[in-house]
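# Results of the structural survey
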Amino acid sequence: MIEIENVHKSFGSLEVLKGIDLTVRKGEVVTVIGGSGSGKSTLLTCINGLETIASGRVVIDGTDVHAKSTDLNKLRQKVGIVFQQWNAFPHLTVLENVMLAPRKVLGLPKEKAEEIAVKQLTHVGLAEKLSVYPSRMSGGQQQRMAIARALAMSPTYMLFDEVTSALDPMLVGEVLDTLRMLASEGMTMICVTHEMKFAREVSDRVAFFHQGIMAEIAPPEQLFDAPQHTETKKFLAATH
Amino acid sequence: MFSYTFHWNQAFRALPQMLDGALVTLEIALLSMAIGLALAIALTVFRLSGNRVLSGVATAWVEVARNTPALFQIYMAHFGLGNFGIHLSPFTALLAGIAFNNAGYLAENFRGALKAIPETQARAGRSLGMSSLQAFRYIVLPQMLRVAFLPATNQMVWAILMTSLGVTVGMSSDLAGVTQELNARSFRTFEFFALAAVIYYLIAKAVTLAARLLAARMFRY
Ligand SMILES: Nc1ncnc2c1ncn2[C@@H]1O[C@H](COP(=O)(O)OP(=O)(O)OP(=O)(O)O)[C@@H](O)[C@H]1O
Ligand SMILES: [Mg+2]
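The present account deals with the structure reproduced in this document.

What counts and what doesn't
- Here the residue index of a chain counts from 1 through its sequence in written order.
- Chains and ligands are labelled by the order in which they are written, letters from A for the one and numbers from 1 for the other.
- Confidence filtering applies because this is a predicted model: local features only for residues at pLDDT of at least 70, side-chain atom pairs given and counted only at 80 or more, and all residues used for totals across whole chains, interfaces and linings.
- Calculation of side-chain values draws on the structure's entire complement of heavy atoms; hydrogens and water are dropped beforehand.
- Every helix listed is a DSSP run of H or I at least four residues long, and every strand listed is a run of E at least two residues long, numbered separately from the N terminus.
- To sort residues, take the accessible area from a 1.4 Å probe on protein chains only and compare it with the maximum for the residue type: under 20% means buried, over 50% means exposed, and anything in between is partly exposed.
- Whether two residues touch is decided by their heavy atoms; if any such pair falls within 4.5 Å, the residues are in contact.
- We get accessible surface area from the Shrake-Rupley algorithm with a probe of 1.4 Å; when it comes to residues, only the shown protein chains can shield them.
- The sign given to each residue is positive for Lys and Arg and negative for Asp and Glu; His and the chain ends receive no count.
- In plain terms, the charge of a residue is placed at NZ if it is Lys, CZ if Arg, CG if Asp and CD if Glu.
- It suffices for a single heavy atom of a residue to lie within 4 Å of a molecule or strand for the residue to be listed as near it.
- Contacts described as polar in this section are N or O atom pairs within 3.5 Å, which, within protein, must combine one atom able to donate a hydrogen with one able to accept it, while residues neighboring in sequence count only if both atoms come from side chains.
- Under the scheme applied, nonpolar residues are Ala, Val, Leu, Ile, Met, Phe, Trp, Tyr, Cys and Pro; charged residues are Asp, Glu, Lys and Arg; polar residues are all the others, including Gly.
- Pairing between two strands is assigned when DSSP locates at least 2 bridges connecting them.
- Lines fitted to the C-alpha atoms define the axes, with helices restricted to the stretch that makes contact. Angles between their N-to-C directions range from 0 to 180 degrees.
- As used here, buried area is the combined drop in accessible area, with a 1.4 Å probe, of two parts when they are placed together.
- Only one rule defines a salt bridge in this text: a Lys or Arg side-chain nitrogen within 4 Å of an Asp or Glu carboxyl oxygen.
- Take the buried residues of types Ala, Val, Leu, Ile, Met, Phe, Trp, Tyr and Cys, join any two whose side-chain atoms come within 4.5 Å, and each joined set is a nonpolar core.
- Should an angle lie under 35 degrees it is considered roughly parallel, over 145 roughly antiparallel, and from 65 to 115 roughly perpendicular; all remaining angles are considered oblique.
- Should the near helix be turned counterclockwise from the far one by less than a right angle, the crossing is left-handed, whereas a clockwise turn marks it as right-handed.
- Ring pairs are drawn from Phe, Tyr and Trp, using the six-membered ring of Trp, whenever the two centres fall within 6.5 Å, and their geometry is named by plane angle: stacked under 30 degrees, edge-to-face over 60, tilted for the rest.
- Put simply, a charge is over a ring when the Lys NZ or the Arg CZ is close to the ring centre, within 6 Å, and near the line of the ring normal, within 35 degrees.

## A closer look at the overall build of chain A
Each helix and strand in chain A was counted, giving 9 helices and 10 strands. Dimensions of chain A, computed from the C-alpha atoms along their principal axes, are close to 55 × 45 × 30 Å. In chain A, which comprises 240 residues, the proportion classed as buried is 54%. Across chain A, contacts joining residues at least 24 apart in sequence account for 64% of those joining residues at least 6 apart. Carbon and sulfur atoms provide 49% of the accessible area of chain A, an area that totals close to 10200 Å². Side chains of chain A give 25 positive and 27 negative charges; the mean places of these two sets differ by 4 Å.

## Some words on the site of ligand 1
Residues and elements named next belong to chain A. Of all residues adjacent to ligand 1, which total 13 residues, the nearest are Ser36, Gly37, Lys40, Ser41 and Thr42. Within the side chain of Glu162, one N or O atom sits 3.1 Å away from an oxygen atom of ligand 1. Out of a free accessible area of 640 Å², ligand 1 has 60% covered by protein chains. Mapped onto the shell around ligand 1, the elements with two or more residues apiece are strand S2 (14-24) and helix H1 (40-47). Among the residues forming the shell around ligand 1, the class breakdown is 3 nonpolar, 8 polar and 2 charged.

## Focus on the sheet that holds strand S10 (residues 213-218) of chain A
Residues and elements named next belong to chain A. Strand order in this open sheet of 6 strands is S6-S7-S8-S3-S9-S10, and the pairing throughout is mixed. One side of each edge strand has no neighbouring strand; the edge strands of this open sheet are strand S6 (79-82) and S10. Looking at each pair of strands side by side, their axes are set apart by 15° on average, direction ignored. Of the strand pairs in this sheet, strand S3 (residues 29-34) and strand S8 (residues 188-192) are connected by 4 bridges, and their pairing is parallel. Counted as the bridge partner of Val32 is Val192 from S8. Contacts between H1 and the sheet are confined to S3, S6, strand S7 (157-161), S8 and strand S9 (205-210), with S7 contributing the most and set at about 150° to the helix.

## Thoughts on the interface of chain B and chain A
A common way to report how large an interface is uses the accessible area buried once the components associate. At the interface, 18 residues of chain B touch 22 residues of chain A. Between chain B and chain A, a total of about 1900 Å² is buried, with carbon and sulfur atoms accounting for 63% of that surface. Looking at the side of chain B facing chain A, the largest losses of area belong to Arg123(B), Leu128(B) and Tyr221(B), adding up to 34% of the total buried there. Where chain B packs against chain A, one counts 0 salt bridges. Taken together, chain B and chain A are joined by 5 residue pairs in polar contact (both at pLDDT 80 or more). Among the elements of the structure, helix H6 (119-127) and helix H7 (132-162) of chain B are those that each provide at least two residues to the side of chain B that touches chain A. The element contributing the most residues to the side of chain B that touches chain A is H6(B), with 7 residues. Among the residues making up the side of chain B that touches chain A, the classes are represented as 7 nonpolar, 8 polar and 3 charged.

## Brief notes about the nonpolar core
Of all hydrophobic cores here, the largest spans 46 residues; its most connected members are Met18(B), Ile28(B), Ile98(B), Ile160(B) and Leu175(B). Only helix H2 (15-48), helix H3 (52-67), helix H4 (70-83), helix H5 (90-116), H7, helix H8 (175-186) and helix H9 (189-218) of chain B provide two or more residues apiece to this core. For this core, the element with the most residues is H7(B), which contributes 9 residues. Residues in contact with Leu175(B), not counting those within four places in the same chain, are Met18(B), Gly21(B), Ala22(B), Thr25(B), Ala196(B), Ile199(B) and Tyr200(B). Ranked by size, the runner-up nonpolar core spans 38 residues in total, among them Met145(A), Ala152(A), Met158(A) and Leu171(A).

## Describing the packing of H2(B) against H5(B)
All names here are of chain B. Between H2 and H5, the least distance of the axes is 6 Å, while the angle of their chain directions is 45°. In this view, H2 runs oblique relative to H5, as classed from their interaxial angle. In terms of crossing hand, the pair formed by H2 and H5 is right-handed. The class makeup of the residues in the contact of H2 with H5 is 21 nonpolar, 4 polar and 4 charged.

## Examining the packing of aromatic side chains
Counted according to the given criterion, the structure contains 10 aromatic pairs over all chains. Aromatic pair Tyr133(A) and Tyr221(B): ring centres 6.2 Å apart, planes at 40°, arrangement tilted. With Tyr133(A) in the loop between helix H4 (110-123) and helix H5 (139-151) and Tyr221(B) in the segment after H9, the pair connects residues from two separate chains. The interplanar angle of 20° and the centroid separation of 5.8 Å between the aromatic rings of Phe6(B) and Trp8(B) together place this pair among those described as stacked. Among the residues examined, Phe6(B) registers a relative accessible area of 39% and is labelled partly exposed. Taken together, Tyr4(B), Phe6(B), Trp8(B), Phe12(B) and Phe190(B) form an aromatic cluster joined through their ring pairs. Lying across the ring of Phe11(A), Lys9(A) places its NZ or CZ 4.8 Å from the centre.

These figures come from the coordinates and say nothing about function on their own.
Spelled out as structure tokens, the structure:
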């Protein structure tokens with residue numbers, strides 16, 4: 001379970017998160033929508049401790065992420081994150097990209113890491129690309145590789161930050177299909193997305209962010225068809 | 001007006017001697033690169049350390065190495081330090097001078113290479129649970145090496161050519177030194193220096209070629 005309690009976060013004098021409360025239960029899929037600069041990405045990086053917070057708490061399975069005593073490297077093994085820019089490691093083949101963390105972080109022997117990597121890459125449809133370098137693949141393939149790379153650590157939770165935003169429209173579908181597959185397998189996920197149709201399909205709940213505040217959170221039918229907050233209405237009207 | 005008659009035989013007879021000198025040249029260049037690399041890594045760490053004294057020393061080193069004549073750097077190592085009672089042999093002074101120069105250029109090269117790797121790369125590593133050291137070691141460093149490799153090769157060639165400045169501090173066993181002595185004995189300046197130039201050229205080309213082949217093997221992406 002991910003418990004976010006009254007989280008505040010500032011960059012300099014700019015307050016980006018103004019008291020966020022959100023609890024995500026195991027198996028739940030929560031999507032986050034909202035305008036540019038509303039703090040969606042920042043929230044994700046505060047969840048896995050890539051960013052510090054000013055006040056409040058993020059607790060993952062009982063571990064306070066921002067407590068001094070928390071081993072973040074250990075915590076991040078159970079919280080995978082995939083970014084808009086997939087950040088393939090260009091000097092490694094697809095297989096090596098996915099094997100690296102299982103080997104170096106989990107300390108698995110080569111054969112075992114390779115077995116896991118092959119399984120995850122097959123899962124995201126890249127079984128044919130094992131020995132290829134990322135530069136030889138499309139953005140969609142690289143993004144799926146990044147997803148496999150995160151999954152290879154067997155995370156309990158996955159955070160996705162607009163993973164289709166940097167892709168050609170033609171390649172968006174294959175990546176969304178991968179996310180749908182994960183959702184249907186019961187992965188606990190928080191997805192920041194601009195794909196409203198996708199959000200409606202996969203989400204248990206949809207959260208709408210506005211200027212650092214979670215203005216509204218509700219099941220998709222309600223949030224999309226009967227939004228309560230005026231800002232949600234405005235945002236949805238603008239995206240249609 | 002063109003009354004000089006070439007005596008190439010004399011030069012070719014001295015070839016074994018000159019090749020021995022070439023080995024010394026190569027030895028100094030390789031040693032100076034090894035020392036220069038180690039120093040450059042230290043300088044790079046110093047510059048990133050955030051410690052004012054360390055980064056000040058490193059910056060000064062890089063500035064002086066890159067913006068003063070290499071000849072002066074070697075002179076300083078020999079005669080300059082001599083004034084303070086530190087007497088380095090021509091070999092050591094030459095090696096120290098070139099290593100000093102190499103370190104400055106390589107440190108700057110490393111800094112550029114580090115800047116060329118987007119921060120998001122290390123961040124991606126960190127988000128997979130790697131420590132910052134692991135992210136550096138397995139993700140940033142290998143990519144840095146590729147960026148830094150060709151400029152470092154150029155520095156190696158430059159180091160080979162710089163060894164010829166050793167004659168000014170009394171170095172006599174390297175290629176330039178040997179050539180200079182042969183010249184002094186025979187006055188066959190053109191022949192000896194032309195032959196030496198060809199040898200320098202061939203060494204430099206061989207190093208560049210070897211580096212290219214190595215790069216093609218190491219950096220396949
Ligand atoms: N490292 C940073 N330093 C300073 N300001 C930052 C930093 N990261 C984000 N911000 C600022 O924080 C605010 C929220 O950014 P964030 O990236 O969380 O928004 P977002 O909702 O993800 O937007 P988008 O839809 O454009 O991705 C923005 O105003 C942004 O400029
Ligand atoms: Mg964002």
